[in-house]
Amino acid sequence: MPLIVVVGGWFGDEGKGKVVSYLGLADKPSICIRTGSINAGHTVNYNGRTWKLRILPSCFVNKTTRLMIAPGALLKIDVLFKEIEETGSRGGRVWVDANAGVIEDRHVESERSNEYLMKVIGSTGQGVGAAMVDRVLRVLKTAKEFPELRDLITDVSKEVNEELDRGGEVIVEGTQGGTFLSLYHGTYPFVTSRDTTAAGVISEVGVSPRLVSDIILVFKAYVTRVGGAGELPGELSMEEVVARGGWAERGGTVTGRPRRAAPFNMDLARRAVMLNRPTQIAITKFDALFPDARGKRRWADLPVEARRWLENVSEALRVPITLIGTGGEDSMDMIDMRREVMGP
Ligand code: IMP
Ligand code: MG
């Protein structure tokens, strides 16, 4: 009964969408659950198409996986229906927990007129934090109160527990940045409005930590952070970033703001491992470090230096690297070490 939790190890945009969409296609899980909220932007590239998902689970690429929104998640109704259309997921595929919170326009307006949040913290201004405040005050409306969601309502905790008891696979997709944007464990106050670590993600679903079989911690091959606020150890100047080619990302998925960049940071990675205690590590955008790795799908096809880099990181962190994303082009551009062994 595998329950797999996928979380980010840096400041978001690690490529969680890529990893989860690959797992959807490779493992064909029965259920994939999104936690967090619509400030997240998970990019999925598959079969020549690109999706930028803010609320639907990235496993949608596998047609047999049921897609669920966790009770601890906050959705916005227009965003949800837009993504159901874009992904062709109408009719019995998408399910929303009765207790999932609903962001309304007034939450968005409240954040956008909050100068501290927008200018100092650099919020994405999607209304997520404001809705969270209402939730804590017990005045936020939940999914069960909206007639337009009536056909999608379910009990996610019950569904997940029953599926695990039947022996099915369930994937939980963490969001809203990685470990260091966690409200409790990140670079406070320059963080998001919830706990983004594995423990926080699990609590949003309503499943016991005892049932977790795997935690996959996702590290991009370099570190990025959206916007100007908050520390980024080892930050490079924009000229240096541009000089490294693939590192110059076009901007945040949700805000379009520039992403600052830094080289892979072992101290940060160690702390992310300590906070999440992963059983596996996924490395994404590996081709940004080793261009010859681009598009490779087998360990044996990687250049020797690339293999050595992976072995060193795995050894230093004492966690196996099981998934290696080798290009942004397609969900299937992934080396899956769960099916291979490391070595020369
Ligand atoms: P907020 O959570 O929208 O208020 O934004 C607070 C901080 O977290 C800002 O620096 C955002 O850029 C960052 N942030 C929130 N969600 C994400 C995400 O999914 N990916 C990357 N950064 C995020
Ligand atoms: Mg993102």
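Residues numbered from 1 in each chain as written. Chains lettered and ligands numbered in written order. Predicted model: local features only at pLDDT ≥ 70, side-chain atom pairs only at ≥ 80, totals over all residues. Heavy atoms only, no water.

**Considerations on the site of ligand 1**
Argument step 1. Asn 39, Ala 40, Ser 123, Thr 124 and Thr 192 are the nearest of the 15 residues found near ligand 1.
Argument step 2. Backbone polar atom of Gly 177 to an oxygen atom of ligand 1: 3.2 Å apart, as the coordinates give it.
Argument step 3. Thr 192 places a side-chain nitrogen or oxygen 2.6 Å from an oxygen atom of ligand 1.
Argument step 4. Computed on the free molecule, ligand 1 has an accessible area of 470 Å², of which 94% lies beneath the protein chains in the complex.
Argument step 5. Residue composition of the shell around ligand 1, by class: six nonpolar, seven polar and two charged. (Near = heavy atom within 4 Å. Polar contact = N/O pair within 3.5 Å; in protein donor to acceptor, adjacent residues only side chain to side chain. Areas by Shrake-Rupley, 256 points an atom, 1.4 Å probe, with all protein chains shown as cover. Nonpolar A, V, L, I, M, F, W, Y, C, P; charged D, E, K, R; others polar.)

**Some remarks on the packing of helix α9 (residues 266-276) against helix α10 (residues 304-317)**
Argument step 1. Taken N-terminus to C-terminus, the directions of α9 and α10 make an angle of 50°; their axes are 10 Å apart at the nearest point. By the angle between their axes, α9 is oblique relative to α10. At the point where α9 passes α10, the crossing takes the right-handed sense. From α9, Met 266, Ala 269, Arg 270 and Val 273 reach across to α10, where they touch Val 313, Ala 316 and Leu 317.
Argument step 2. Across the contact of α9 with α10, the residue classes tally to six nonpolar, no polar and one charged. (Axes fitted to C-alpha atoms, helices over the stretch in contact; angles between N-to-C directions. Helix = DSSP H or I, 4+ residues; strand = E, 2+ residues; numbered from the N terminus. Parallel < 35°, antiparallel > 145°, perpendicular 65-115°, else oblique. Left-handed = near helix turned anticlockwise from the far one by under 90°. Contact = heavy atoms within 4.5 Å.)

**A closer look at the pairing of strand β7 (residues 94-97)**
Regular strands place their side chains on alternate faces of the sheet.
Argument step 1. Across three bridges, strand β5 (residues 66-69) lies against β7 in parallel orientation. Considered in β7, the bridge of Leu 67 is made with Val 94.
Argument step 2. The pairing of β7 with strand β9 (residues 153-154) spans two bridges and is classified as parallel. If you follow Val 96 over to β9, its bridge partner there is Ile 153. (Pairing = 2+ DSSP bridges.)

**With respect to the coordination of the magnesium ion (ligand 2)**
Argument step 1. Bound to the magnesium ion (ligand 2) on the protein side are Asp 13 (OD) and Gly 41 (O), at distances that span 2.1 to 2.4 Å. Taken as a pair, Asp 13 in the loop between β1 (3-8) and α1 (16-27) and Gly 41 in the loop between β2 (31-34) and β3 (42-46) lie far apart in primary sequence, 28 residues in all.
Argument step 2. On the basis of relative accessible area, Gly 41 is assigned to the buried category, the value being 13%. (Donors = N, O, S within 2.8 Å, 3.2 Å for Na, K, Ca; no water. Buried < 20%, exposed > 50% of the residue type's maximum accessible area, 1.4 Å probe, protein only.)

**Notes on the sheet that holds strand β10 (residues 170-173)**
Argument step 1. The strand order across the open sheet built from ten strands is β9-β7-β5-β2-β10-β1-β11-β14-β15-β16, with neighbouring strands paired in mixed fashion. A single partner strand is all that each edge strand has here, and the edge strands are β9 and β16 (334-336).
Argument step 2. Along the sheet face, α1 touches β1, β2, β10, β11 (214-220), β14 (280-284), β15 (321-325) and β16 and points at about 160° away from the line of β1.

**Details of a nonpolar patch on the surface**
Argument step 1. On the surface, a cluster of nonpolar side chains totalling about 280 Å² of accessible area is made up of Val 133, Leu 137 and Val 139.
Argument step 2. With respect to the helices and strands, the residue Leu 137 is situated in the loop between α5 (128-136) and β9. (Patch = residues over 30% accessible without salt bridge, like charges linked within 9 Å, V, L, I, M, F, W, Y side chains within 5 Å. Salt bridge = Lys/Arg side-chain N within 4 Å of Asp/Glu carboxyl O.)

**Digging into the pattern of salt bridges**
Argument step 1. What the rule picks out here adds up to 22 salt bridges.
Argument step 2. For the salt bridge of Glu 104 with Arg 106, the shortest nitrogen-to-oxygen distance reads 3.5 Å.
Argument step 3. In this structure, Glu 204 and Arg 194 form a salt bridge, with 3.0 Å as the shortest nitrogen-oxygen distance. Taken as a pair, Glu 204 in helix α7 (residues 198-205) and Arg 194 in the loop between β10 and α7 lie far apart in primary sequence, ten residues in all.
Argument step 4. One connected set of salt bridges, linked through shared partners, spans Asp 27, Asp 336, Arg 338 and Arg 339.

Limitation: the analysis is restricted to geometry and does not speak to function.
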